[in-house]
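Chain residues, written in single-letter form:
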Amino acid sequence: MTEYLILTVLIIAIAAILLSVKVILRKNGSFTSQHIHDSQAMRDRGIHCVLDQDREQRRRHRAVSEKSSR
């Protein structure tokens, strides 16, 4: 049981070190943004994050829903 715990911690430590190599080795290194709206390729394809899509749909249909509720 102890061997598995040590092995698991070792694997997680190695993964964390490998993921942070870019940040550690570069001067002023940082992780790149993983948000959809920050990706030029996604914007070129017209793909937006779900929050942006929801906001856009609410803006488009607000006038219709306000008129029908009166």
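All values derive from a computational prediction rather than experimental measurement.

1. Notes on the overall build of the chain
In step 1: A tally of regular secondary structure across the chain gives 4 helices and 0 strands.
In step 2: Of all 70 residues assigned to the chain, the portion counted as buried reaches 3%.
In step 3: Of the roughly 6,900 Å² of accessible surface on the chain, 61% is carried by carbon and sulfur atoms.

2. Regarding the confidence of the model for the chain
Caution applies to low-pLDDT parts of the model: their predicted coordinates are not meant to be read in detail.
In step 1: In this model, the chain carries an average pLDDT of 81, and 87% of its residues clear a pLDDT of 70 or more.
In step 2: Averaged pLDDT values over the elements of the chain bottom out at 72 in helix 4 (residues 50-69) and peak at 94 in helix 1 (residues 2-19).

3. Focus: a nonpolar patch on the surface
In step 1: On the surface, L7, L10, I11, I14, I17, L18, V21, I24 and L25 cluster together into a nonpolar patch covering about 910 Å² of accessible area.
In step 2: Every element with two or more residues in the nonpolar patch is listed here: helix 1 and helix 2 (21-25).
In step 3: Top contributing element to the nonpolar patch by residue count: helix 1, with 6 residues.
In step 4: Checked against the element boundaries, I11 lands in helix 1.

4. Re the environment of Q40
In step 1: Inspection of the secondary structure assignment puts Q40 in helix 3 (residues 40-45).
In step 2: Residue Q40 is classed as partly exposed on the basis of its relative accessible area, which comes to 44%.
In step 3: Polar side-chain contacts of Q40 include one of 2.8 Å to the side chain of D44.

5. With respect to the pattern of salt bridges
In step 1: Tallying each qualifying case throughout the model produces 3 salt bridges.
In step 2: The salt bridge partner of D52 is R55, with a shortest N-O separation of 2.8 Å. In this pair, D52 and R55 both sit in helix 4, 3 residues apart, roughly one turn of the helix.
In step 3: By relative accessible area, which is 23% here, D52 ends up partly exposed.

How each quantity is defined
- Per chain, residue numbering runs from 1 following the sequence as it is written.
- A pLDDT threshold of at least 70 governs which residues receive local features in this predicted model, and a stricter bar of 80 or more applies before side-chain atom pairs are shown or counted, although totals over entire chains, interfaces and linings include all residues.
- Only hydrogens and water are set aside; all other atoms, that is, all heavy atoms of the structure, feed into the side-chain values.
- Here a strand is any run of E in DSSP of at least two residues, a helix any run of H or I of at least four, and the numbering for each starts at the N terminus.
- Each residue is placed in one exposure class: buried if its accessible area under a 1.4 Å probe, protein chains only, is under 20% of its type's maximum, exposed if it is over 50%, and partly exposed if it falls in between.
- For the accessible areas, the method is Shrake-Rupley and the probe is 1.4 Å, while residue cover comes only from the protein chains on display.
- The predictor's confidence in any single residue is recorded as pLDDT, a number from 0 to 100.
- Two joining distances apply to patches: 9 Å for like charges and 5 Å for nonpolar side chains (Val, Leu, Ile, Met, Phe, Trp, Tyr), and every residue must have over 30% relative accessible area and no salt bridge.
- A pairing counts as a salt bridge when a side-chain nitrogen of Lys or Arg comes within 4 Å of a carboxyl oxygen of Asp or Glu.
- Polar contact criterion, stated in full: a pair of N or O atoms within 3.5 Å, where within protein one must be able to donate a hydrogen and the other to accept it, and residues adjacent in sequence count only if both atoms are side-chain atoms.

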